[in-house]
Amino acid sequence: MAVGAIPAVGGSVNVAPGGYCNTQIRMLNGHVAEVAYAGDNNLPNSRDALCVSTVDACVAYARQRNRRATAVSR
């Protein structure tokens, strides 16, 4: 996922057993301002569970980017 001067970023993930997650992320000044989910993304005992991989990928990207920025600034 690219982060830049985009007011909103969206995506979709298909996962078994037949559910899906549409994720929309609104950016403000280079930071996540809002996250919204849509689709058949619930598991029997966990709300929005099928969207976890989308959020995990964003968090991993942000951590990796932060580590690189810290290393360059030293």
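In what follows, the structure referred to is the one given above.
Remember, predicted model here, so these are calculated numbers, not experimental data. (Residues numbered from 1 in each chain as written. Predicted model: local features only at pLDDT ≥ 70, side-chain atom pairs only at ≥ 80, totals over all residues. Heavy atoms only, no water.)

Colleague: Go over the overall build of the chain with me, naming the residues and quoting the values.
Modeller: A tally of helices and strands in the chain yields one helix and three strands. Along its sequence from the N terminus, the chain presents helices and strands in the succession β-β-β-α. Of all 74 residues assigned to the chain, the portion counted as buried reaches 16%. Once local pairs closer than 6 in sequence are excluded, the contacts in the chain between residues at least 24 apart make up 22%. Just so you have it, the chain exposes about 5500 Å², and 54% of that area is on carbon and sulfur atoms. (Helix = DSSP H or I, 4+ residues; strand = E, 2+ residues; numbered from the N terminus. Buried < 20%, exposed > 50% of the residue type's maximum accessible area, 1.4 Å probe, protein only. Contact = heavy atoms within 4.5 Å. Areas by Shrake-Rupley, 256 points an atom, 1.4 Å probe, with all protein chains shown as cover.)

Colleague: Tell me what's going on with the state of the cysteines, and back it up with residues and numbers.
Modeller: In total, this model carries one disulfide according to the counting rule given. The disulfide partner of C21 is C51, and the gap between their sulfur atoms is 1.9 Å. The sign of the 110° torsion about the S-S bond sets the C21-C51 disulfide as right-handed. Of this pair, C21 sits in strand β2 (residues 19-28) while C51 is found in the loop between β3 (31-38) and α1 (52-73), placing the two residues 30 residues apart along the sequence. (Disulfide = S-S within 2.5 Å.)

Colleague: I'd like a rundown of the pairing of β2, residues and numbers included.
Modeller: Burial along β2 is one-sided: the residues G19, C21, T23, I25 and M27 are buried and none of Y20, N22, Q24, R26 and L28 is. Relative to β3, β2 runs antiparallel, the two sharing seven bridges. The partner of L28 across the bridge, within β3, is H31. (Pairing = 2+ DSSP bridges.)

Colleague: Mind laying out a nonpolar patch on the surface, listing which residues take part and the relevant values?
Modeller: Taken together, V32, V35, Y37, V55 and V59 make up a surface patch of nonpolar side chains, about 360 Å² in accessible area. At the level of secondary structure, the elements contributing two or more residues to the nonpolar patch comprise β3 and α1. A per-element tally of the nonpolar patch places β3 first, with three residues. Topologically, Y37 is positioned in strand β3. (Patch = residues over 30% accessible without salt bridge, like charges linked within 9 Å, V, L, I, M, F, W, Y side chains within 5 Å. Salt bridge = Lys/Arg side-chain N within 4 Å of Asp/Glu carboxyl O.)

Colleague: Break down the pattern of salt bridges for me, citing the residues and quoting the values.
Modeller: This structure, assessed with the given rule, holds one salt bridge. Between E34 and R26 there is a salt bridge, with its nearest N and O atoms 3.2 Å apart.

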